[in-house]
Amino acid sequence: MKELCQKEIAYESGFNQKRPIALVRGKGARVWDAQGREYIDCIGGHGVAIVGHANPQVAEAVAAQARKLLVCPGSFCNDVRAELLTELMRIAPAGIARAFLCNSGAEAVEAALKIARLVTGRKRLVAAMRGFHGRTLGALSVTWRREYREAFEPLIPEVSFVPYNDIAALEEALSGGDVAGVILEVVQGEGGVIVGEGEYLRAVQGLCRKNGTLFIVDEVQTGFGRTGRMFACEHHGLEPDLLCLAKGIAGGVPMGAVLIHERLGKMPPRKHGSTFGGSPLACAAALAAIRFILKERLPQRAAELGAYFMEKLRGIDSPAIREVRGLGLMVGVELKERAGPYLSELAERGILALSAGATVIRFLPPLVISREELDQVVAALSEVLP
Ligand SMILES: Cc1ncc(COP(=O)(O)O)c(C=O)c1O
């Protein structure tokens with residue numbers, strides 16, 4: 001394993017800060033390293049592995065589609081793409097009528113920002129402090145953390161950041177009537193698993209409508225059952241103008257999407273596009289993943305198991321814990337100290353978890369994880385904390 005990691009570290013760009021573990025196989029909520037060591041995976045490819053690793057239905061759909069047709073540009077129609085779009089419209093929040101298909105979360109955000117400018121004819125954007133929307137130049141422009149942004153400035157101009165969960169600040173930011181779009185997460189993931197308040201999110205939607213501003217909800221991390229509903233918007237009855245999706249949409253195959261509200265109408269040809277967006281391979285994988293999510297009622301499972309998991313975590317008696325919070329199976333344990341050293345100790349005990357900011361341990365397990373596996377996660381955490 002050491003040799004394998006050395007090779008990868010030598011030849012990769014360096015942008016990824018590597019852990020010295022080489023993962024080579026997965027099944028359900030578990031992964032195995034090159035030496036055959038087993039882990040319960042609460043990283044899930046940063047929230048991607050919603051339907052579990054090596055999901056047989058997704059694997060079968062990918063293999064069958066690869067044998068049939070891998071390439072079909074957006075300028076032609078395709079059977080699986082038409083079927084996926086129909087399925088997306090069926091499960092989408094009320095009012096959604098169209099979708100743009102792309103390949104990642106950042107691409108979905110880029111498309112949403114461009115659509116906001118295109119439709120409103122305005123330039124300004126408003127985003128939230130602690131928000132994260134991706135690392136391409138547009139998405140980075142609405143991402144809060146200075147460490148990610150500063151080497152790349154100037155980014156797109158006329159972006160303001162407002163405190164999250166603060167209605168008055170948002171009202172003030174929109175008052176000039178010149179904002180193209182407000183972009184928010186329903187639960188801020190990278191920012192520390194900060195749960196948006198329903199009253200706040202509904203007020204944002206109302207203020208956007210009043211000011212002719214598009215309400216862009218970024219559900220790249222919260223979508224497809226993660227928070228206990230198919231889309232986190234549904235917890236609060238939100239009807240965003242644009243809904244950004246990616247991560248688990250295609251069971252692990254790269255894909256992103258922007259769902260577009262009916263009231264925005266059809267987009268003009270050639271103003272945006274993507275070579276690989278909506279490839280038959282990704283569409284076939286997404287259809288299989290969405291059908292699995294529905295059949296196994298994974299949103300409900302996330303709601304039940306998330307509540308169970310958080311209750312158990314809250315039962316850990318440790319002076320290091322400041323707060324346990326989350327929604328569904330998107331869970332953060334905020335510590336009074338740095339999270340990093342505990343992530344290594346958890347990995348030594350066969351549990352993979354990630355951080356969200358400096359002090360939060362974040363759990364984004366596949367939604368197929370069992371109660372017993374969650375019990376093991378809780379036991380390991382209580383062992384490593386003081
Ligand atoms: C809320 C949110 N938006 C956008 C992104 C960017 O997605 P990607 O890494 O697929 O570009 C992420 C990634 O973690 C995310 O959590």
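Residues numbered from 1 in each chain as written. Predicted model: local features only at pLDDT ≥ 70, side-chain atom pairs only at ≥ 80, totals over all residues. Heavy atoms only, no water.

## Focus: the packing of helix α11 (residues 298–314) against helix α13 (residues 371–384)
What counts, and what does not: The axes used here are C-alpha line fits, helices contributing only the stretch in contact, and every angle between their N-to-C directions lies in the interval 0 to 180 degrees. In this description a helix means any DSSP run of H or I spanning at least four residues, a strand means any run of E spanning at least two, and both kinds are numbered starting from the N terminus. Any angle from 65 to 115 degrees is called roughly perpendicular, while one under 35 is roughly parallel, one over 145 is roughly antiparallel, and all others are oblique. Crossing chirality is assigned from the near helix's rotation relative to the far helix, an anticlockwise turn below a right angle marking it left-handed and a clockwise turn marking it right-handed. The contact criterion used throughout is that any non-hydrogen atoms of two residues lie within 4.5 Å. Lys, Arg, Asp and Glu make up the charged group, whereas Ala, Val, Leu, Ile, Met, Phe, Trp, Tyr, Cys and Pro make up the nonpolar group; the residues left over, Gly among them, are polar.
Running from N to C, α11 and α13 cross one another at 25°; their axes reach a closest spacing of 10 Å. Relative to α13, α11 is oriented roughly parallel. Both α11 and α13 take part in a crossing whose hand is right-handed. Judged by residue contacts, L305, Y308, F309, K312 and L313 of α11 engage R371, L374, D375, V377, V378 and L381 from α13. Grouping the amino acids of the contact of α11 with α13 by side-chain chemistry returns eight nonpolar, no polar and three charged.

## Re the pairing of strand β2 (residues 30–33)
Operational definition: Think of it in three bands: with a 1.4 Å probe and only protein chains considered, a residue is buried below 20% of the maximum accessible area for its type, exposed above 50%, and partly exposed in between. By this definition, two strands are paired if DSSP reports at least two bridges between them.
Because side chains alternate across β2, one face comprises the buried residues R30 and W32, and the other comprises V31 and D33, equally buried. The pairing of strand β1 (residues 23–27) with β2 spans four bridges and is antiparallel. Pairing of R25 across the sheet is with W32, part of β2. Where β1 hands over to β2, the hairpin turn is made up of two residues, of which G28 adopts a positive phi near 60°. As paired elements, β2 and strand β3 (residues 38–41) share three bridges and run antiparallel to each other. Its bridge partner being in β3, W32 is matched across the sheet by E38.

## Regarding the pattern of salt bridges
Test applied: Take a side-chain nitrogen of Lys or Arg and a carboxyl oxygen of Asp or Glu: if they are within 4 Å of each other, that pair is a salt bridge.
Summed over all chains, the structure comprises 19 salt bridges. Among the salt bridges present, the one from R362 reaches E190, with a minimum N-O distance of 3.3 Å. Note that R362 is positioned in strand β17 (residues 360–363) and E190 in the loop between β8 (187–188) and β9 (194–195), a separation of 172 residues in sequence. The buried category is assigned to R362, whose relative accessible area is 1%. By relative accessible area, E190 is classed as buried at 19%. Here R229 and E234 are joined by a salt bridge, their closest N and O atoms 3.8 Å apart. On the basis of relative accessible area, R229 is assigned to the partly exposed category, the value being 36%. Each of R322, E323, R325 and E334 takes part in one network of salt bridges that share partners.

No statement about biological role is implied by the geometric values presented.
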